[in-house]
Amino acid sequence: MLFPTLTFAVFFAVVFGLNWGLAALAERYSGCERGFVSLRKLVLLAASLLFYGWWSWPFALMLLASSVINHGFALWMAGRGERAGRLPVVLAVALNIGVLVFFKYTGFLFNGAVAPLGVKVAGWLGRGDAWIAFLESTQPFLDTIVLPVGISFYTFQALSYVIDVARGEIKPARRWIDFANYLAFFPQLVAGPIVRAGHLIPAMENLPGTQTKLDTARAGVLILVGLFKKMVIADYLAANLADPLFAMPEDFGTIDALMGVYAYTLQIYCDFSAYSDIAIGCALLLGFEFPINFDAPYFSDSFQTFWRRWHISLSSWLRDYLYIPLGGSRRGKARTYANLMLTMFLGGLWHGAGWAFALWGILHGALLAVERMLGRLVSFRPPKWLARIFVFHVVAFLWILFRAGSADGMETFKGVINAFGAVGTGSTLPVAAGVAVLAVGFALQLCDGSRLAWFTDRVRRWPVWVQGGLAAVVFTIILGLAPEGVAPFIYFQF
Amino acid sequence: MKDSEGRNVTWKAAAAGLAVFYALVVLMNAPAMEKNAENMDYGVARDAAKALVRPVARLSAMFRLDFLRRGAARVRGRWLDHEDSPQ
């Protein structure tokens, strides 16, 4: 189910009514409070499964199975304490990563590594024909593997739960349903933010009551900003500037290549941050608070700052569960740089199964390492405005690799780079409107974090019916400005 | 949620705001919703959706309540749609 659709609007209204209606009933009939609370949790879980099952019921059942298995591991670890040793956490991590690898990387590993290596070995052994026949017989099976939407996100949430329980940082959820609601909670299920177990499970155990004050102003502003980013800006940039360039880069020249790359740079920001904004807004209306996921990343004056502001929930996950356990910066300079590279390499692969994603991650890791090295060796610091322009353009250039990684790989990347060299080729893309939309997309970063607090504070003073009325007006304008139909969010494929 | 600010609302007030939002959105977009209903895949769902939306769409058309959407669509048509864009 996609956020900007009529189906989701109806779904959300029903879930909102049931969530708060059951909360009111639980408080009104105190004798049956536990029953109503359990029913409310069940309704939330059913809603999340319906949201996910709208796309695929078998995978919704797989999500449910994941919640049962991971909660089982957590109980095993908590029940046996020190005596459990490292076995349960190793098994839990191996199982979660194994499922992720099977669905996401089997085709890539087989076609990208096993098959070409096998051709060489089989040729050397004189069994080339047999190997080719084996490859042809396995390909139909590989083609049947479908990537479950959001598996990378909920696998990382499950890992954060079992690892935190193993570290003794949190206790297992009191009941399985509380953990299942944490893992499957529909606002952030398919594209984040990756919310930590320690943050959301307590809220799922003690659901917000009817006296909880809801920040409707912040929720409304976030949802409307998100819808504008996605439906008007991201979809325009994709259809009119980025997609044409990446589909046929040989048809375009320098100006178009520049416009297309800027367009993808802002499309991916507007698309992904829109999902986070809408998710945070919807969760607020249901009484749950998520951490922010974007904080004006393209205003960053260093690569380190960029990664502290882009997809914050993933960056911090990688830092806490990969970079620091690897030794972080505590084991000498060389090890620090290697840890950075390895973390970013795996972060790149998390996004997709392809060498372009891996290379994208490695290059970002290298940039972080070089920046750290230069910071120690050189005392000169460029002016902030210059650093911001530099960081923005390097990040934008590396998005070419990322975008190519989700399309035809390196050929597309080379095509776009060649287009930069086609000086003098006239522009065929809509330059004037394109530049205006790019400027608006860039400026939308001013809505991230607490930058809009001054506006939200004003809206909060208005009566709720005025907030609802004005939101309807803004939403109608967004619907008018948006093209027909809704494109899926980019991060659904990860 | 931010109790200290004292301006946030309970779920009942939020529900009222949401109801106003949904009602106005339907009123201001009913003609477009009626058109979308015609394109629905399933016959029964299509007929039900059309039957539900039609009276509101007439009311909306009578008082020209969809002027905002039409105005925004005109802006899109003039500035953002590119028939010659290579899609």
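Residues numbered from 1 in each chain as written. Chains lettered and ligands numbered in written order. Predicted model: local features only at pLDDT ≥ 70, side-chain atom pairs only at ≥ 80, totals over all residues. Heavy atoms only, no water.

As for the packing of helix α1 (residues 11–38) of chain B against helix α2 (residues 43–62) of chain B
Residues and elements named next belong to chain B. Look at α1 against α2: their axes get within 8 Å of each other, and the N-to-C directions meet at 145°. Handedness of the crossing formed by α1 with α2: left-handed. Residue-level contacts link Val26, Leu27, Ala30, Pro31, Met33, Glu34, Ala37 and Glu38 of α1 to Arg46, Ala49, Lys50, Val53, Arg54, Val56, Ala57, Leu59 and Ser60 of α2. (Axes fitted to C-alpha atoms, helices over the stretch in contact; angles between N-to-C directions. Helix = DSSP H or I, 4+ residues; strand = E, 2+ residues; numbered from the N terminus. Left-handed = near helix turned anticlockwise from the far one by under 90°. Contact = heavy atoms within 4.5 Å.)

Some details on unusual backbone geometry
Residue and element names in this part refer to chain A. For alanine 296, which is not glycine, the phi torsion reads 50° and is therefore positive. Residue alanine 296 is classed as buried on the basis of its relative accessible area, which comes to 0%. Its identity as a non-glycine residue notwithstanding, histidine 311 has a phi of 40°, on the positive side. Along the chain, histidine 311 turns up in the loop between α11 (303–309) and α12 (312–323). (Buried < 20%, exposed > 50% of the residue type's maximum accessible area, 1.4 Å probe, protein only.)

Points about the nonpolar core
Residues and elements named next belong to chain A. In this structure, Tyr161, Tyr298, Trp310 and Trp399 are the most contacted members of the largest nonpolar core, which totals 163 residues. Ranked by residue count, the leading element in this core is helix α10 (residues 254–285), at 18 residues. Look past the residues within four positions of tyrosine 298 in its chain and what remains in contact with it is Thr265, Leu266, Ile268, Tyr269, Phe306, Trp310, Phe392, Val395, Trp399, Phe442 and Gln445. (Core = buried A, V, L, I, M, F, W, Y, C linked by side-chain atoms within 4.5 Å.)

Some thoughts on the interface of chain B and chain A
Each partner contributes residues to the interface: chain B has 35 residues there, and chain A has 49 residues. Here chain B packs against chain A, burying approximately 3600 Å² in sum over the two surfaces, 69% of which is carbon and sulfur. Applying the counting criterion to the chain B and chain A interface returns 0 salt bridges. Taken together, the connections running from chain B to chain A amount to 5 residue pairs in polar contact (both at pLDDT 80 or more). Contributing elements (two or more residues each) for the side of chain B that touches chain A: α1 and α3 (67–80) of chain B. The biggest single contributor to the side of chain B that touches chain A is α1(B), with 15 residues. Of the residues contributing to the side of chain B that touches chain A, the split by class is 21 nonpolar, 8 polar and 6 charged. (Buried area = accessible area lost by both parts, 1.4 Å probe. Salt bridge = Lys/Arg side-chain N within 4 Å of Asp/Glu carboxyl O. Polar contact = N/O pair within 3.5 Å; in protein donor to acceptor, adjacent residues only side chain to side chain. Nonpolar A, V, L, I, M, F, W, Y, C, P; charged D, E, K, R; others polar.)

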